[in-house]
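Listed below are the residues making up each chain.
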Amino acid sequence: MFDPTTLTIAYIGGGSRAWAWTFMTDLALDAALGGVIRLYDIDEAAAKSNELIGNRLSGTRRSAGKWRYVTAPTLRDALMGADFVVISILPGTFEQMKADVHLPERLGIYQSVGDTTGPGGIIRALRTVPMYVGFAEAIREYSPNAWVINYTNPMGLCVRTLYHVFPQMKAFGCCHEVFGAQSLLKAMARRELSIADVERGDIHVNVLGINHFTWFDRASCRGHDLMPMYARFADAFYDEGFSNDGDPMPDKCFTCRNRVKFDLFRKYGWIAAAGDRHLAEFMPGDLYLKNPQTAESWGFHLTSVDWRVGDLRRRLQKSAELVSGAREMDLTPSGEEGILLIKALCGLTRVVSNVNLPNTAGQIPNLPRETVVETNALFSFDAIRPVPAGELTEDIQGLILPHAQNQTEILGAALRCDTEAVYRAFGRDPLACGRSARELRELADDMIRATLKYLPDGWKRGATC
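The sections below set out a description of the structure shown in this document. (Residues numbered from 1 in each chain as written. Predicted model: local features only at pLDDT ≥ 70, side-chain atom pairs only at ≥ 80, totals over all residues. Heavy atoms only, no water.)

**Considering the overall build of the chain**
We apply this condition: Under the DSSP-based scheme used, a helix requires at least four consecutive residues in state H or I and a strand at least two consecutive residues in state E, with every element numbered from the N terminus. The size measure is the radius of gyration over C-alpha atoms, and the globule rule it meets is 2.2 Å times the number of residues to the 0.38 power. Remark: exposure states derive from per-residue accessible area (1.4 Å probe, protein chains only) relative to the maximum for the residue type, with buried under 20%, exposed over 50%, and partly exposed in between.
From N to C terminus, the chain includes 18 helices and 13 strands. Taking 465 residues into account, the globule formula puts the C-alpha radius of gyration at 23 Å, and the chain, at 22 Å, falls close to it. Along the longest, intermediate and shortest principal axes, the C-alpha atoms of the chain span 65 × 55 × 45 Å. Among the 465 residues that make up the chain, the fraction classed as buried is 59%.

**Some details on helix α1 (residues 19-28)**
Of all the 10 residues making up α1, eight are buried; the element is thus mostly covered by neighbouring parts of the structure. Three or more residues of α1 are buried, namely Ala-20, Trp-21, Phe-23, Met-24, Thr-25, Asp-26, Leu-27 and Ala-28.

**What to know about the nonpolar core**
This is how the line gets drawn: Only buried residues count toward a nonpolar core, which is a set of Ala, Val, Leu, Ile, Met, Phe, Trp, Tyr and Cys residues joined through side-chain atoms within 4.5 Å. Here, residues are in contact when the closest pair of their heavy atoms is within 4.5 Å.
Core analysis: the biggest nonpolar cluster contains 151 residues, and Val-85, Leu-126, Phe-172, Leu-185, Phe-379 and Val-422 have the highest contact counts within it. Ignoring anything within four residues of it in the chain, the contact list for Phe-172 reads Trp-147, Val-148, Ile-149, Asn-150, Val-159, Leu-341, Leu-345, Val-355, Asn-356, Leu-357, Phe-379 and Ile-384.

**Description of the environment of Ala-72**
Relative to the assigned elements, Ala-72 resides in the loop between β3 (66-71) and α3 (75-79). For the pair Ala-72 and Ile-37, spaced 35 residues apart in sequence, the C-alpha to C-alpha distance is 9.4 Å. In contact with Ala-72, other than residues within four places in its own chain, are Arg-38, Leu-39, Tyr-40, Asp-77 and Ala-78.

**Considering the packing of helix α16 (residues 419-428) against helix α17 (residues 437-450)**
Heads up, the condition is: Only C-alpha atoms enter the line fits that serve as axes; for helices the fit covers just the stretch in contact. Angles between N-to-C directions range over 0 to 180 degrees. Relative orientations are named as follows: roughly parallel for angles under 35 degrees, roughly antiparallel for angles over 145 degrees, roughly perpendicular for angles from 65 to 115 degrees, and oblique for any other angle. Throughout, a crossing is termed right-handed when the near helix is turned clockwise from the far one, and left-handed when it is turned anticlockwise from it by less than a right angle. Charged means Asp, Glu, Lys or Arg here, nonpolar means Ala, Val, Leu, Ile, Met, Phe, Trp, Tyr, Cys or Pro, and polar covers whatever is left, Gly included.
Where α16 contacts α17, the axes come no closer than 9 Å and their chain directions differ by 120 degrees. Taken as axis vectors, α16 and α17 run oblique relative to one another. For the element pair α16 and α17, the recorded crossing hand is right-handed. Mapping the contact onto sequence places Thr-419, Glu-420, Val-422, Tyr-423, Phe-426 and Gly-427 in α16 and Leu-440, Arg-441, Leu-443, Ala-444, Asp-445, Met-447 and Ile-448 in α17. Across the contact of α16 with α17, the residue classes break down as eight nonpolar, two polar and three charged.

**A look at the packing of aromatic side chains**
Going by this rule: Stacked, edge-to-face and tilted labels apply to pairs of Phe, Tyr and Trp rings (six-membered ring for Trp) whose centres lie within 6.5 Å, assigned for plane angles under 30 degrees, over 60, and everything in between, in that order. For a ring to carry a charge above it, either NZ of a lysine or CZ of an arginine must fall within 6 Å of the ring centroid while also lying within 35 degrees of the normal to the ring plane.
Scanning all chains against the criterion turns up 16 aromatic pairs. Taking 5.3 Å as the distance between ring centres and 75 degrees as the angle between the ring planes, the aromatic pair formed by Phe-172 and Phe-379 counts as edge-to-face. Separated by 207 residues along the polypeptide, Phe-172 in strand β6 (residues 170-173) and Phe-379 in strand β12 (residues 372-380) bring together distant segments of the chain. Overall, Phe-379 belongs to the buried group, its relative accessible area being 0%. Joined through ring pairs, the aromatic side chains of Tyr-230, Phe-233, Phe-237, Phe-242, Phe-262 and Phe-265 make up one cluster. The positively charged end of Arg-259 is found above the aromatic ring belonging to Tyr-238, 5.3 Å away from the centroid. Above the face of the Tyr-238 ring, Arg-266 is positioned so that its terminal group lies 3.7 Å from the ring centre.

**Notes on the environment of Lys-290**
Mapped onto the elements of the fold, Lys-290 is located in the loop between α11 (285-288) and α12 (292-297). Judged by relative accessible area, Lys-290 falls into the exposed class, the value being 54%. C-alpha of Lys-290 to C-alpha of Glu-321: the two residues are 31 residues apart in sequence and 42 Å apart in space.

**Examining the pattern of salt bridges**
Stated precisely, the cut-off is as follows: Basic side-chain nitrogens of Lys or Arg form a salt bridge, by our definition, when they fall within 4 Å of a carboxyl oxygen of Asp or Glu.
Within the structure shown, the criterion is met by 27 salt bridges. In this structure, Lys-98 engages Asp-306 in a salt bridge whose closest nitrogen and oxygen atoms are separated by 3.2 Å. With Lys-98 in helix α4 (residues 94-102) and Asp-306 in helix α13 (residues 305-324), this pair connects stretches of sequence that are 208 residues apart. A relative accessible area of 37% places Lys-98 in the partly exposed class. A residue is classified by how much of its surface remains accessible, and Asp-306, at 53% relative accessible area, is exposed. Between Arg-106 and Asp-446 there is a salt bridge, with its nearest N and O atoms 2.8 Å apart.

**Description of empty space enclosed by the protein**
The following threshold applies: A pocket here means an open set of points on a 1 Å grid, computed over the protein atoms alone, that has protein on both sides within 12 Å along at least five of seven lines. A cavity is instead a set of points where a 1.4 Å probe fits but cannot get out; residues with an atom within 4 Å of a point line either one. Grid points are joined across faces, edges and corners, and a volume is the space filled by probe spheres set on the points.
Taken as a whole and assessed by the stated rule, the structure comprises three cavities of 30 Å³ or more. Here the largest cavity defines a volume of roughly 200 Å³. Lining the largest cavity are 18 residues, with Thr-116, Leu-157, Ile-210, His-403 and Gln-407 positioned closest to its centre. Looking at the lining of the largest cavity, the elements that each hand over two or more residues are α5 (118-142), α6 (155-165) and α15 (394-416). It is α15 that provides the largest number of residues to the lining of the largest cavity, a total of five residues.

**Some words on the side chain of Arg-277**
As a reminder, the rule being used: Charged-residue counts in this description rest on Lys and Arg as positive and Asp and Glu as negative, His and the chain ends being excluded. Distance and chemistry together define a polar contact, namely a pair of N or O atoms within 3.5 Å, with one atom able to donate a hydrogen and the other to accept it when in protein, and with adjacent residues in sequence counting only for side-chain atoms on both sides.
Relative to the elements of secondary structure, Arg-277 occurs in helix α10 (residues 276-281). Buried and without a salt bridge, Arg-277 has Glu-177 as its closest oppositely charged side chain, separated by 5.6 Å. At a separation of 2.8 Å, a polar atom in the side chain of Arg-277 contacts the side chain of Thr-303.

**Observations regarding the packing of α6 against α15**
One can describe the packing of α6 onto α15 by two numbers: an axis separation of 11 Å at closest approach and a directional angle of 60 degrees. Relative to α15, the element α6 lies oblique. Considering only the axes of α6 and α15, their crossing is right-handed. Counted together, Gly-156, Leu-157, Arg-160, Thr-161 and His-164 of α6 and Gln-407, Thr-408, Ile-410, Leu-411 and Leu-415 of α15 form the full contact between these two elements.

Written out as structure tokens, the structure reads:
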């Protein structure tokens, strides 16, 4: 039985300068919840900074939600008896991420994100899965009844690893990419229906797919079927693209004209429901990511690791200002639904939202049952009930199956330190199509060497873990 005013939340990755602040902000804006947030991070100094920032925010009159933030020195201290566990980590450093994203470019394989699929997503998973094995074992021992919310990528493999280690785990993955597609439909509805007060919550959609490669086969707004409208809209803005609400995002790295979405709708008849940067990585590399110029022509950009390094530098400066009191935390709602889902699990409301869960209930009947899929689910008191999403079309199933197969392949590779499985995953990935087996083996070997510091010893010995 949850008391929503005295919750204990363990935050793994609690030194974060992004998601942790988002989480703090949304908690501060909600008076229905309160309790203790235990911040655990391998960078304990960063967690202590967030402890100061969180407590300063919670102590102000601006904060409706009252929370006490404490730094947990060990994972055990963070997890012991927790009601909820939030996991948001960076697996490795930017040095490893640079190899993930940029080493494949020597074969003309370009990645706009590099954290979920493609060679970069595969190698990132090799680092991430062992960490999640450790998290799952610790949760099983110290907080087996906790609800576990994952924000880390690769989302599907993170959630799948948790359940592989601890099948009774109560875990799910949250991602905001679907929200962006709903916001595009909101902007379209306002424009086409001349209804000024349409909000994202008015856009009702059926979600099918895997994380970052989700689709809508149905969409409505206040009794209007949006699918025929979207067909006309996609045709009208196919060449020039359309920025949500007509206002492109201020940072060039994340600007998106939605042209990839429009093209995929023309090809497959369903609304592709993630950001173009992610969608492009699931398709053959010669379509949208042949080179940086091709990406630009489709209205999106490659996010370089150098940009991420600069962004971290800006966040570190912001952290120092927040700790010193020279700056106050902005209390603008993030638009994320994590806090709303916690409230639903506490019994304060009921919510239908997109969520990443194993396909064991057959949410998508023509994908393997072991695959972690993204569909809608009903959140209510201490329960998540996946909503049956229906089957994928044959064409879209064909697009998703190689990635579902790689989810299984990569999990096995990470658990067994199996280079042959990595080679097979590289060969199956659509971004790598057209490269020889020898080229892909050499690339995989070099990428594994670049991240050995964060891999189990079995990779260093070239043997099974």
